[in-house]
Amino acid sequence: MALIELKGIQKSYPDGSGRSNTILRDVSFSVEKGESVAVTGPSGSGKTTLLRMLGTLLEPDEGTYLLDGENPFANPYEVRNRKIGFVFQDHRLLPQYTVLQNVLLPCLAISSSASQDQIAYARSLMSRTGIEALEAQYPSTLSGGEAGRVALCRALVMQPLLVLADEPTGQLDSDNAGAILSLLTELVKERSTTLIMVTHSEQTAAAAARRLCIENRTVIEK
Ligand code: ADP
Ligand code: MG
């Protein structure tokens, strides 16, 4: 069954002079449960726009988006917290919280405290990604590669159906980029999590089984 079904999606932004600038038009594609997909395109082609839409952070102007058979915009906050994990290029860790607290943040969005099971699962992810010894440290003390691992654990801690990654290796050197990508693809595979990552890097995209590309404002199979 398709986890994601997009039909005839269109998105424009105001261009500042009263006109609108079409970024995406007639975007239609489906993604099956458990698929790993990379979407490539040059800078400014609409990759982040597409990802934000898939993550219910941005509504399309036209077209339909079904996630797990439902319109996610009917209840975007709930859908985001329960079904979607995000990995951002700049990690976006909160400086006032420890590594473990950062990993547990998605659990705290829907409850006042994390359960013992959630804490145990967070620790197992941290151990898998080699950051278990860092749990009491603060983000400012981490290297880029370590921060990337924290961001990965945070995206996976709720065991989401869908992981969305925006240039997940953008700020890492090639050794760390390779390590993060293998961890990401390995961890999503284990739970048949669907992965969609957008990137301008062909090398990063090669880690995904399926390739899509934004060309002439629409998404095509590559
Ligand atoms: P990419 O991630 O591929 O670099 P984006 O999706 O960030 O591309 O942006 C696509 C285009 O839309 C760019 O030209 C960008 O300047 C424009 N854009 C993005 N966000 C906004 C916004 N909130 N308002 C107006 N224009 C925007
Ligand atoms: Mg972008």
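Residues numbered from 1 in each chain as written. Chains lettered and ligands numbered in written order. Predicted model: local features only at pLDDT ≥ 70, side-chain atom pairs only at ≥ 80, totals over all residues. Heavy atoms only, no water.

Q: Please explain the site of ligand 1 as it appears in this structure.
A: Surveying the vicinity of ligand 1 reveals the residues Tyr13, Pro14, Ile23, Pro42, Ser43, Gly44, Ser45, Gly46, Lys47, Thr48 and Thr49. Between an oxygen atom of ligand 1 and a main-chain N or O atom of serine 45, the distance comes to 3.2 Å. One of the side-chain nitrogen or oxygen atoms of lysine 47 is found 2.9 Å away from an oxygen atom of ligand 1. Relative to its unbound accessible surface of 570 Å², ligand 1 loses 56% to contact with the protein. For the shell around ligand 1, the secondary structure elements donating two or more residues are strand E1 (2-14) and helix H1 (47-54). Looking at which element gives the most residues to the shell around ligand 1, the answer is H1, with 3 residues. Its residues assigned to classes, the shell around ligand 1 comprises 4 nonpolar, 6 polar and 1 charged. (Near = heavy atom within 4 Å. Polar contact = N/O pair within 3.5 Å; in protein donor to acceptor, adjacent residues only side chain to side chain. Areas by Shrake-Rupley, 256 points an atom, 1.4 Å probe, with all protein chains shown as cover. Helix = DSSP H or I, 4+ residues; strand = E, 2+ residues; numbered from the N terminus. Nonpolar A, V, L, I, M, F, W, Y, C, P; charged D, E, K, R; others polar.)

Q: For this particular structure, what's the right way to read the pairing of strand E9 (residues 218-221)?
A: Regular strands show a simple pattern: their side chains alternate between the two faces of the sheet. Sheet topology places strand E8 (residues 210-215) next to E9; 4 bridges connect them, and they run antiparallel. Within E9, the position partnered with leucine 212 by the bridge is glutamate 221. Connecting the antiparallel pair E8 and E9 is a turn made up of 2 residues, with asparagine 216 showing a positive phi of about 50°. (Pairing = 2+ DSSP bridges.)

Q: Help me out: how do you make sense of unusual backbone geometry in this one?
A: What is expected of a backbone is that most residues other than glycine have negative phi and most peptide bonds are trans. At aspartate 26, a position not held by glycine, the phi torsion is positive, near 50°. With respect to the element layout, aspartate 26 can be found in strand E2 (residues 20-32). Residues other than glycine seldom take positive phi values, yet arginine 92 does so here, at roughly 55°. You can see arginine 92 is positioned in the loop between strand E5 (84-87) and helix H3 (99-108).

Q: How should I be thinking about the sheet that holds E2 in this particular structure?
A: Sheet strands line up and pair through hydrogen bonds in the backbone, either parallel or antiparallel. A sheet is described by the order of its strands in space; here 3 strands give the open sequence E2-E1-E4, paired in antiparallel fashion. The outermost strands of the open sheet, each flanked by one partner alone, are E2 and strand E4 (62-67). With strand direction ignored, the average angle separating the axes of adjacent strands in the sheet is 20°. Of the pairings in the sheet, the one linking E1 to E4 comprises 5 bridges and is antiparallel in character. (Axes fitted to C-alpha atoms, helices over the stretch in contact; angles between N-to-C directions.)

Q: Before we go on, may I ask you to explain H3 in this structure?
A: A turn of α-helix holds 3.6 residues, and therefore any two residues three or four places apart point the same way. Burial analysis of H3 places 8 of its 10 residues in the buried class, which makes it a mostly covered element. Looking only at H3, the buried set comprises Val99, Leu100, Asn102, Val103, Leu104, Leu105, Pro106 and Cys107. Against the buried residues of H3 lie helix H4 (116-128) and helix H5 (144-156). (Buried < 20%, exposed > 50% of the residue type's maximum accessible area, 1.4 Å probe, protein only. Contact = heavy atoms within 4.5 Å.)

Q: Can you help me understand the layout of surface pockets in this one?
A: Picture a little ball the size of a water molecule; that probe, rolled over the atoms, points out where space is still empty. If you add up the space inside the largest pocket, you get close to 380 Å³. What lines the largest pocket is a set of 15 residues, among which Asn81, Ile84, Phe86, Pro106 and Arg154 lie closest to the centre. Counting only elements with at least two residues in the lining of the largest pocket, the list comes to helix H2 (76-83), E5, H3 and H5. The residue inventory of the lining of the largest pocket, partitioned by class, reads 10 nonpolar, 2 polar and 3 charged. Roughly 220 Å³ of volume is contained in the second largest pocket. (1 Å grid on protein atoms, 1.4 Å probe; cavity = no way out; pocket = protein on both sides within 12 Å on 5 of 7 lines; lining within 4 Å. Points joined across faces, edges and corners; volume = space filled by probe spheres on them.)

Q: Explanation requested: the sheet that holds E5 in the structure shown.
A: An order of E5-E6-E7-E3-E8-E9 is seen for the 6 strands of this open sheet, with the pairing classed as mixed. Every interior strand has two partners, whereas the edge strands, E5 and E9, have only one. Looking at each pair of strands side by side, their axes are set apart by 20° on average, direction ignored. Packing against the sheet, H5 makes contact with E5 and strand E6 (162-166), and its axis sits at approximately 170° to E5.

Q: How should the state of the cysteines be read in this particular structure?
A: By definition, a disulfide links the sulfur atoms of two cysteine residues through a covalent bond. In the structure shown here, the tally under the stated rule is 0 disulfides. Cysteine 153 takes part in no disulfide bond, and the closest cysteine sulfur, belonging to cysteine 107, lies 12 Å away. (Disulfide = S-S within 2.5 Å.)

Q: It is not clear to me how the pairing of E1 should be interpreted in this structure. Could you clarify?
A: Relative to E2, E1 is paired through 9 bridges, and the arrangement is antiparallel. Opposite alanine 2, over in E2, you have glutamate 32 as the bridge partner. Count of turn residues in the E1/E2 antiparallel hairpin: 5 residues, of which glycine 16 carries a positive phi of about 95°.

Geometric descriptors of this kind do not, in isolation, establish any biological role.
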